[in-house]
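Listed below are the residues making up each chain.
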Amino acid sequence: MIKSNTNTTNTAKIANLAKELVNLTVTEVNELTIILKKDYGLEYNHDHQNITETVPINQEQKKENLRYNMILKSSGTSKLAVVKLIKEITGRGLKDSKELVDSVPTTIKESLNKEEAELLKKKFEEIGAEIELIN
């Protein structure tokens, strides 16, 4: 039985690759991990200790999963309406709500999903307030 040169060549190639991988620095291993995940959809699964293919997430799905903080930039001309709306959506007392309005820019709510953040932003903008959503 004669061994093929292709099999010997592949074995040598894999042995050389293994030698290179073993000698990578931690930084290089991290860079390799990023490339494998980003370019090839491969990710190390710590729970099962093997490499699995990741399901690509499109940009729109990533946006939907983001959490937003709502920042009051300005109360506009209707400060009282803004105080009342803050009181309503946060459950804070009138005094605490007024203090938030008086200390702009300030965070009103944290960790909102995209839909809730946009809905609340719209409510504030309808009464003249300026809101910024930060993720």
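It should be noted that the structure appears before, not after, this text.
Residues numbered from 1 in each chain as written. Predicted model: local features only at pLDDT ≥ 70, side-chain atom pairs only at ≥ 80, totals over all residues. Heavy atoms only, no water.

Engineer: I'd like to hear about helix α4 (residues 79-90), residue by residue, with values.
Structural biologist: The end-to-end C-alpha distance of α4 is 16 Å, a good match for the 16 Å that 12 residues give at a rise of 1.5 Å each. Taken as a whole, α4 has its buried residues at V82, V83, L85, I86 and I89. Taken down its axis, α4 places every buried residue within 165° of arc, on the same side. Exposed and oriented more than 90 degrees from the buried face of α4 are L80, K84 and E88. (Helix = DSSP H or I, 4+ residues; strand = E, 2+ residues; numbered from the N terminus. Expected span 1.5 Å × (residues − 1). Buried < 20%, exposed > 50% of the residue type's maximum accessible area, 1.4 Å probe, protein only. Arc of directions from axis to C-beta.)

Engineer: For a nonpolar patch on the surface, give the residues involved together with the corresponding values.
Structural biologist: A cluster of nonpolar side chains, L17, L21 and L32, forms an exposed patch at the surface whose accessible area comes to about 240 Å². Position of L32 relative to the elements: it lies in helix α2 (residues 26-40). (Patch = residues over 30% accessible without salt bridge, like charges linked within 9 Å, V, L, I, M, F, W, Y side chains within 5 Å. Areas by Shrake-Rupley, 256 points an atom, 1.4 Å probe, with all protein chains shown as cover. Salt bridge = Lys/Arg side-chain N within 4 Å of Asp/Glu carboxyl O.)

Engineer: How would you summarise the sheet that holds strand β4 (residues 106-112) if you had to cite specific residues and measurements?
Structural biologist: If you walk across this open sheet you meet the three strands as β4-β3-β5, and the pairing is antiparallel. The outermost strands of the open sheet, each flanked by one partner alone, are β4 and β5 (130-134). Here the average twist between neighbouring strands, direction ignored, is 25°. With four bridges connecting them, strand β3 (residues 68-74) and β4 associate as antiparallel partners. What sits directly across from Y68, in β4, is L112. Contacts from helix α6 (residues 114-126) reach β3, β4 and β5, with the element oriented near 150° to β4. (Pairing = 2+ DSSP bridges. Axes fitted to C-alpha atoms, helices over the stretch in contact; angles between N-to-C directions. Contact = heavy atoms within 4.5 Å.)

Engineer: Could you give an account of the packing of α4 against helix α5 (residues 94-102), naming the residues involved and the relevant values?
Structural biologist: Relative orientation of the contacting elements α4 and α5 amounts to 125°, with a least axis distance of 8 Å. Taken together, α4 and α5 sit at an angle that is classed as oblique. As α4 runs across α5, the sense of the crossing is right-handed. Along the contact surface, α4 presents K79, V82, V83, I86 and K87, while α5 presents L94, S97, K98, L100, V101 and D102. Among the residues making up the contact of α4 with α5, the classes are represented as six nonpolar, one polar and four charged. (Parallel < 35°, antiparallel > 145°, perpendicular 65-115°, else oblique. Left-handed = near helix turned anticlockwise from the far one by under 90°. Nonpolar A, V, L, I, M, F, W, Y, C, P; charged D, E, K, R; others polar.)

Engineer: Before we move on, can you summarise the pattern of salt bridges with the specific residues and values?
Structural biologist: Under the definition given, this model contains four salt bridges. The partner of K73 in a salt bridge is E132, with the nearest N and O atoms 3.2 Å apart. Here K73 is found in strand β3, whereas its partner E132 is found in strand β5, with 59 residues between them in sequence. A relative accessible area of 33% places K73 in the partly exposed class. Overall, the relative accessible area of 31% leaves E132 in the partly exposed class. Notably, a salt bridge pairs E125 with K121, separated by 3.8 Å at the nearest N-O pair. Of the two residues, E125 and K121 both sit in helix α6, four residues apart, roughly one turn of that helix. Residue classification places E125 among the partly exposed positions, given a relative accessible area of 42%. Note on K121: relative accessible area 25%, which makes it partly exposed. Within this structure, K79, K98 and D102 form a network of salt bridges that share partners.

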